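The primary structure of each chain is shown beneath.
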Amino acid sequence: MMMNAFRTPVWPDYRTIWRWHFFAGLFCLPFIVLLCLTGSIYLFKPQVDHWIDWRYDHLAGGTTHSTPVQEVRAALDAVPGSHFLAYELPETTSGAVRVIVDRQGTAIRVYVDPTSCVVLKQVPEEDRFERIIFKLHGQLLLGNTGSIIMEMVASWTIVLIATGLYLWWPRRIKSLAGILYPRITRNGRVRWRDLHAVTGLWVSSFLVLFLVSGLPWSFVWGHALARVETQFSRLTSVPDWDIGAVSERNRIAGRSVSPQQTDTMPGMDMGPMAMSDSPLSDSLNHVVMTASQLGFPAPVLVTPPSAGETTWTVRSDTQNRPNRISAMVEASGRVRSVHRFEEKAWTDRIIGYGVAAHEGQLFGKANQFLNFLVAVGLLAMSIAALVLWFRRKPPGRLGVPPVDPNKKIGVGALVILIVLGLLLPELGVSLLLLCLATLLSQAARRTP
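This structure is a prediction, so every number in the text was calculated from the model and none was measured.

Asker: Got a minute to help me understand the side chain of arginine 324 in this structure?
Answerer: With respect to the secondary-structure elements, arginine 324 resides in the loop between β6 (312-316) and β7 (325-329). The exposure class of arginine 324 is buried, given its relative accessible area of 9%. Of the polar contacts made by the side chain of arginine 324, one reaches the side chain of aspartate 317; its length is 3.4 Å.

Asker: What is the right way to look at the sheet that holds strand β8 (residues 335-340) in this model?
Answerer: Paired through their backbone hydrogen bonds, the strands of a sheet run either parallel or antiparallel. Judged by pairing direction, the sheet is antiparallel, and its eight strands sit side by side in the order β4-β3-β2-β1-β5-β6-β7-β8 without closing on themselves. Strand pairing shows two members of the sheet lacking a second neighbour, β4 (119-124) and β8, which therefore form its edges. Sheet twist, expressed as the average angle between the axes of neighbouring strands with direction ignored, equals 20°. Of the strand pairs in this sheet, strand β1 (residues 83-88) and strand β2 (residues 97-103) are connected by five bridges, and their pairing is antiparallel. Paired with phenylalanine 84 across the bridge in β2 is valine 101.

Asker: Can you help me understand the packing of helix α6 (residues 144-168) against helix α15 (residues 425-446) in this one?
Answerer: Packed helix pairs are characterised by how far apart their axes lie and by the angle those axes make with each other. At their nearest, the axes of α6 and α15 sit 8 Å apart, and the two run at 75° to each other. On the basis of their axis angle, the class for α6 and α15 is roughly perpendicular. Listed contacts from α15 to Ile148, Glu151, Met152, Ser155, Trp156 and Val159 of α6 are Glu426, Leu427, Ser430, Leu431 and Leu434. Along the lines of polarity and charge, the residues of the contact of α6 with α15 split into seven nonpolar, two polar and two charged.

Asker: What should I look at first to understand the environment of serine 306 in this one?
Answerer: Within the fold, serine 306 resides in the loop between β5 (300-303) and β6. Serine 306 sits 53 residues away from alanine 253 along the chain, and the two C-alpha atoms are 9.3 Å apart.

Asker: So what exactly am I meant to see when it comes to the packing of helix α2 (residues 14-43) against helix α5 (residues 129-139) here?
Answerer: Following both chains from N to C, one finds α2 and α5 inclined at 150°, their axes separated by 9 Å at the closest point. On the basis of their axis angle, the class for α2 and α5 is roughly antiparallel. For the element pair α2 and α5, the recorded crossing hand is left-handed. Contacts between α2 and α5 involve Leu34, Leu35, Thr38, Gly39, Ile41 and Tyr42 from the former and Phe129, Glu130, Ile133, Phe134, Leu136 and His137 from the latter.

Asker: Whenever I open this one, the confidence of the model for the protein confuses me. Can you help?
Answerer: Should the pLDDT be low somewhere, the predicted coordinates at that spot are not to be read in detail. Mean pLDDT over the protein: 83, with 87% of residues reaching 70 or higher. Confidence drops under pLDDT 50 across residues 1-6; counting only partners more than four residues distant or on other chains, this segment forms zero contacts. Long-range and interchain partners of residues 255-279, a stretch whose pLDDT sits below 50, account for 45 contacts in this model, where long-range means more than four residues apart.

Asker: What should I look at first to understand the pairing of β7 in this one?
Answerer: Note on strand geometry: in a regular strand, side chains alternate between the two faces of the sheet. Burial along β7 is one-sided: Ile325, Ala327 and Val329 are buried, while Ser326 and Met328, pointing the other way, are not. Bridge count for β6 against β7 is four bridges, and the pairing is antiparallel. In the sheet register, tryptophan 312 faces β7, and the bridge partner there is valine 329. Where β7 meets β8, five bridges bridge the pair, whose relative direction is antiparallel. For methionine 328, the partnering residue across the bridge sits in β8 and is serine 337. Turn length for the β7-β8 hairpin, with the two strands adjacent in sequence and antiparallel, is five residues, and the turn residue glycine 333 shows positive phi of about 100°.

Conventions we followed
Residues numbered from 1 in each chain as written. Predicted model: local features only at pLDDT ≥ 70, side-chain atom pairs only at ≥ 80, totals over all residues. Heavy atoms only, no water. Helix = DSSP H or I, 4+ residues; strand = E, 2+ residues; numbered from the N terminus. Buried < 20%, exposed > 50% of the residue type's maximum accessible area, 1.4 Å probe, protein only. Polar contact = N/O pair within 3.5 Å; in protein donor to acceptor, adjacent residues only side chain to side chain. Pairing = 2+ DSSP bridges. Axes fitted to C-alpha atoms, helices over the stretch in contact; angles between N-to-C directions. Parallel < 35°, antiparallel > 145°, perpendicular 65-115°, else oblique. Contact = heavy atoms within 4.5 Å. Nonpolar A, V, L, I, M, F, W, Y, C, P; charged D, E, K, R; others polar. Left-handed = near helix turned anticlockwise from the far one by under 90°. pLDDT = per-residue confidence, 0-100.

Okay, structure coming up:
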């Protein structure tokens, strides 16, 4: 017994690791390519948004300007049956005002010329180009179902990285070629192998950070994190990130609001009749004037009071989360309180830094360039993996690496899988299902 215990392997056989890497790659690779392409586009969201809206940010200036109340009235008239949801301050003196209205649960962005109150354009928030790219990147355009799928992909990508590093680990070092830099002058399999393995080495550390920083947005892991914080220490009162599929209407009006509460969210009917009689009409002018003087990082949103309250909210919606700041403003325009990023709980700050870095906005264009470089490297590594697979697999077969005869997982690998399965629920569930399928398959073979 003692001798058998000492003979128990710590790690699996090389071929077993190779099989895990192969199957994880086969599952993850199409999604990784999609993430590289959509992530690279969304990475330049500020530039893309400015390019799309260029004509609305460079209007011919006039001698007079309309008031926010007049601009909101024009937006509401252009979208019959809508309610006022938010007012976005123009970033330039020649830019159009963005008024966001809500019609039957759909947020619609209305562009209004501030000199003539003419409506220039209206588009549902969910139909904006970068919003579609965002939902494709994190949800496959399938809502929470897509979010769960992408969370499983992220979980198995971590397995892919771990097994890939094990396979890359040099057994005998004769040269750094093929270990720290690729042998691109070599022909055939060596060049493609180095492009895959060496690029994977340099990309993997950044990729893990991307995956971990993206988990708080996912449906299962994000809700589990919020539930743990609330249950144990209430570290987060209002999450500053989207969990799962959150509509733009909910996000603009307040991220802490659940879909079941949409009927009582901020927003008011400021139609032609209500505008002239409502005391909030003057309030909007005062609050917008105060918001323009606060100098918050763009884009700045002004949202009306919630039901039963009187204070307005002015907040920066910049992608660089550490620069976000919000203020509660009274109807007279007086600032009641200001809330800064550094005042948030430490978990919110960590997630905020991670989200900003993930989106390439934490340290400006250098962050964008670094993330783009990682995406290109990951795409090149994926292409190299496909080339290697097609070259080695027999015609008409999958080309699965051979099975280790002893079929032993190893104590160390088993411990790591259990820990990862507990930290990543989708990975744990899929591993249990794979084990169950294997046991059933073996039982079926033994049955005469």
